[in-house]
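A structural walkthrough
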Amino acid sequence: MSTPHIQAEPGQIASTVLMPGDPLRAKYIAEHFLEHPVQVNSVRNMLGYTGKYNGKDVTVMGSGMGMPSIGIYSYELYNFYGVDTIIRIGSAGGLAPELELMDLVVGVAASTDSNYATQFNMPGIIAPTADFDLAMNAVSLCDELGVRVMAGNILSSDIFYNDQKDALLRWKSMGILAVEMEAAALYLNAARAGKKALCLLTISDKPLEGSGLSSQDRETGFTQMMKVALELVQ
Ligand code: ADE
């Protein structure tokens, strides 16, 4: 079996998948954190690897940028490969004043300016949400590891360069912690499939202040988040 976007054979993908946006991150994680990684996907260069962490099977695969992209990969993983849990590991722009560069954010819910949910034809507005146990365990792990973390509502936006200049300020005024571009579609696909999802984010920039991480700090922040994500693998 393969799908239009994933060439892996049945059984080559673990029940938990870690998803960075960048497929080269997936390669880096496989090479530096997994034991015996095997490449399971290269269609469109969306690299995916399966290996072991602490004796547990785990797959790490890129999602690409934006909700159409993570929508495709998470749908195929949940519905065609029997994946149970997808943990997105990404970066985000911090909006909450308390957030510093390199802090972690656990996306408990993902508000959005996207129309992704209209396909489900709900008779109201559905709130895309993380799996509660995963979110709680992620916060506990951060506390144990001494990692600064905030948990709450994030924004999954379709627009990186927004012509509406006050859009982020308006989201911030509703308590949104950080902006990224994928979690809402992931959470909605998980809900529809009856599966689990979580979005973990490292604050890489503060778009309302114009600050951002150096590439060295990006690496350090990412490694910290990786450790939390890998410890969440059941
Ligand atoms: N990912 C990291 N920083 C971001 C930002 N400022 N907006 C959207 N996605 C992001």
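Every chain's residues receive numbers from 1 upward, in the order its sequence appears when written. Given that the model is predicted, a residue must reach a pLDDT of at least 70 before its local features are reported, and side-chain atom pairs must reach 80 or more before they are shown or counted; all residues, however, enter totals for whole chains, interfaces and linings. Derived side-chain values reflect all non-hydrogen atoms in the structure, with water molecules and hydrogen atoms excluded from consideration.

Proximity is defined per residue: any heavy atom of the residue falling within 4 Å of a molecule or strand makes that residue near it. Around the ligand, the surrounding shell consists of Ser-91, Ala-92, Gly-93, Phe-160, Val-179, Glu-180, Met-181, Ser-204, Asp-205 and Pro-207. Polar contacts, as used here, are pairs of N or O atoms within 3.5 Å; protein pairs need one atom able to donate a hydrogen and one able to accept it. Residues neighboring in sequence count only if both atoms are side-chain atoms. Between a nitrogen atom of the ligand and a main-chain N or O atom of Ser-91, the distance comes to 3.3 Å. Backbone polar atom of Gly-93 to a nitrogen atom of the ligand: 3.3 Å apart, as the coordinates give it. Note on areas: Shrake-Rupley with a 1.4 Å probe; residue coverage comes only from the protein chains shown. Compared with its free state, where it exposes 260 Å², the ligand has 85% of that area covered by protein.

With a phi angle near 50°, Asn-54 is a residue other than glycine that sits in the positive phi range. In DSSP terms, a helix is any run of H or I states spanning at least four residues, a strand is any run of E spanning at least two, and both are numbered starting from the N terminus. Summarising the element assignment, Asn-54 is placed in the loop between strand 3 (48-53) and strand 4 (56-61). Here the phi dihedral of Asn-121 falls at roughly 50°; this positive angle occurs in a residue that is not glycine. For Asn-121, the location among the structural elements is in the loop between strand 6 (104-112) and helix 3 (132-145).

All right, on to the layout of surface pockets then. Estimated volume of the largest pocket: approximately 1000 Å³. Together, 39 residues line the largest pocket, and Ser-91, Phe-160, Val-179, Glu-180 and Met-181 are the ones closest to its centre. At the level of secondary structure, the elements contributing two or more residues to the lining of the largest pocket comprise helix 1 (23-33), strand 5 (85-94), helix 4 (167-173), strand 8 (178-180), strand 9 (196-206) and helix 6 (215-232). When residues of the lining of the largest pocket are assigned to their parent elements, the largest contribution, 6 residues, is made by strand 5. Here the second largest pocket defines a volume of roughly 230 Å³. Space inside and on the surface of the protein is sampled on a 1 Å grid over the protein atoms alone, with a cavity defined as a set of points where a 1.4 Å probe fits but cannot get out and a pocket as an open set with protein on both sides within 12 Å along at least 5 of 7 lines; lining residues have an atom within 4 Å of a point. For the second largest pocket, the full set of lining residues is Ser-111, Thr-112, Ser-114, Asn-115, Ala-117, Thr-118, Asn-121, Met-122, Gly-124, Ile-125, Ile-126 and Pro-128. Of the residues assigned to the lining of the second largest pocket, the class counts are 5 nonpolar, 7 polar and no charged. Grid points are joined across faces, edges and corners, and a volume is the space filled by probe spheres set on the points. Under the grouping applied here, Gly and all other residues not named as nonpolar or charged are polar, the nonpolar ones being Ala, Val, Leu, Ile, Met, Phe, Trp, Tyr, Cys and Pro and the charged ones Asp, Glu, Lys and Arg.

Below, the discussion takes up the UniProt feature "binding site: a purine D-ribonucleoside" (unreviewed entry) in the protein. UniProt positions are given in the numbering used here, feature names are shortened, and annotations may be inferred rather than shown by experiment. On the UniProt side, "binding site: a purine D-ribonucleoside" (unreviewed entry) is annotated at positions that read His-5, Glu-180, Met-181, Glu-182, Ser-204 and Asp-205 here. On the basis of their most widely separated C-alpha atoms, the annotated residues across 201 residues do not gather in one place, lying as much as 31.0 Å apart. From the list above, the largest pocket is lined by Glu-180, Met-181, Glu-182, Ser-204 and Asp-205. Mapping Glu-180 onto the fold places it in strand 8. Contacts: residue pairs with any heavy atoms within 4.5 Å of one another. Not counting chain neighbours up to four residues away, the residues in contact with Glu-180 comprise Arg-88, Ser-91, Ala-92, Ile-154, Leu-155, Ser-156, Ser-157, Cys-199 and Leu-201. Among the structural elements, Glu-182 can be located in the loop between strand 8 and helix 5 (183-193). For Glu-182, the contacting residues outside a window of four places in its chain are Ser-63, Gly-64, Met-65, Gly-66, Met-67, Ile-70, Arg-88 and Ser-156.

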